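Summary of the model geometry
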Amino acid sequence: RLEELFTKKYPESSRRAALALERGRMLENKGDSPASRSALAEVSKLPGADSLKDEASLRRANSLLRTGDYPAAIAAFAEFEKSFPKSPLLPQALASGIEARLRQKEITGAQSRAEFAKILARFPESSLAPSLAFQIGQTHYEEKNHGGALSSFREMAQRFAKDPLADDARYY
């Protein structure tokens, strides 16, 4: 309701895109993924959207992944990579795209590990790096390759000792 009043009063405001993005976030938190995706799709069409387009696109793709629409999520993550190649959110989009492909059974655990390792090598300073290293160990574990998992988790815990996931890696 407040967003409607704001839009009527300030139809050209650059804050409209930020309001739509926030509505999308709130709807996703509430569990209404279709409405969230609709709000997030609006963001790019509104004034002030330039700096928010990548976040809206990534949130929309993640919503598809969370709801199990893997083919649509895979396409959305691939589109993100093409549309936002310099975005600081690119490592997350790449990793989530791999997760979607793994869940869709387009790739194996071994292939996903190789892909996660590529992202880790490409973006070693990313805040996502510890999670990527952890996922490598997790895919070993899911394939019952306990030796590989143990080795990967130890490496992760050593390399990212201050990250909260390091404790999980030590005691997985």
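Structural data are supplied above this passage.
Not measured: the values here are computed from a predicted model.

1. Re the overall build of the protein
Along its length, the protein carries 10 helices and zero strands. Helices and strands in the protein line up, N terminus first, as α-α-α-α-α-α-α-α-α-α. The dimensions of the protein, computed from C-alpha atoms along their principal axes, are 60 × 30 × 30 Å. Taken over 172 residues, the protein has a buried fraction of 41%. Partitioning the intrachain contacts of the protein with sequence separation of at least 6 by distance along the chain shows that 48% fall at a separation of at least 24. Here the protein has roughly 10200 Å² of accessible surface; of this, 51% comes from carbon and sulfur atoms.

2. Observations concerning the pattern of salt bridges
Enumeration according to the criterion identifies 12 salt bridges in this entry. Where Asp50 meets Lys53, a salt bridge forms, and the shortest distance between an N and an O atom there is 3.8 Å. On the accessibility criterion, Asp50 (67% relative accessible area) is exposed. With a relative accessible area of 28%, Lys53 lands in the partly exposed category. Overlapping salt bridges bring together Glu22, Arg25, Glu55 and Arg59 as one network.

3. Describing the packing of aromatic side chains
Tallied over the full model, the rule gives six aromatic pairs. Centre to centre, the rings of Phe134 and Tyr172 are 5.5 Å apart; their planes meet at 85°, and the pair counts as edge-to-face. Taken together, the residues Phe134 in helix 8 (residues 129–142) and Tyr172 in the segment after helix 10 (165–170) connect sequence positions 38 residues apart. Using a relative accessible area of 8% as the deciding quantity, one classes Phe134 as buried. Judged by centre distance (5.0 Å) and plane angle (85°), the ring pair of Tyr141 and Tyr172 falls under edge-to-face. Here Tyr141, found in helix 8, pairs with Tyr172, found in the segment after helix 10; they are 31 residues apart in sequence, far enough to count as distant. Accessibility expressed as a relative area gives 37% for Tyr141, which makes it partly exposed. In this structure Tyr172 comes out as partly exposed when scored by relative accessible area, which is 43%. One aromatic cluster is present, formed by Phe134, Tyr141, Phe153 and Tyr172 through successive ring pairs.

4. What about helix 3 (residues 33–43)?
Within the span of helix 3, buried status applies to Ser33, Ser36, Arg37, Ala39, Leu40 and Val43. End-on, the buried residues of helix 3 take up no more than an arc of 165°, which puts them together on one face. If you follow the buried residues of helix 3, they end up packed against helix 2 (16–30) and helix 4 (53–66). One side-chain oxygen of the residue at the start of helix 3 lies 3.3 Å from the amide nitrogen of Ala35, identifying that residue as Asp32.

5. Some thoughts on empty space enclosed by the protein
Following the criterion strictly, the structure yields one cavity of 30 Å³ or more and no others. One number sums up the size of the largest cavity: a volume of about 30 Å³. Gly24, Arg25, Glu28, Ser36, Leu40, Arg59, Ser63 and Arg66 together form the lining of the largest cavity. Every element with two or more residues in the lining of the largest cavity is listed here: helix 2, helix 3 and helix 4. Considering only residue class, the lining of the largest cavity consists of one nonpolar, three polar and four charged.

Conventions adopted
- Residues numbered from 1 in each chain as written.
- Predicted model: local features only at pLDDT ≥ 70, side-chain atom pairs only at ≥ 80, totals over all residues.
- Heavy atoms only, no water.
- Helix = DSSP H or I, 4+ residues; strand = E, 2+ residues; numbered from the N terminus.
- Buried < 20%, exposed > 50% of the residue type's maximum accessible area, 1.4 Å probe, protein only.
- Contact = heavy atoms within 4.5 Å.
- Areas by Shrake-Rupley, 256 points an atom, 1.4 Å probe, with all protein chains shown as cover.
- Salt bridge = Lys/Arg side-chain N within 4 Å of Asp/Glu carboxyl O.
- Phe/Tyr/Trp six-rings, centres within 6.5 Å; stacked < 30°, edge-to-face > 60°.
- Arc of directions from axis to C-beta.
- Polar contact = N/O pair within 3.5 Å; in protein donor to acceptor, adjacent residues only side chain to side chain.
- 1 Å grid on protein atoms, 1.4 Å probe; cavity = no way out; pocket = protein on both sides within 12 Å on 5 of 7 lines; lining within 4 Å.
- Points joined across faces, edges and corners; volume = space filled by probe spheres on them.
- Nonpolar A, V, L, I, M, F, W, Y, C, P; charged D, E, K, R; others polar.

These results come straight from atomic positions and should not be treated as a statement about function.
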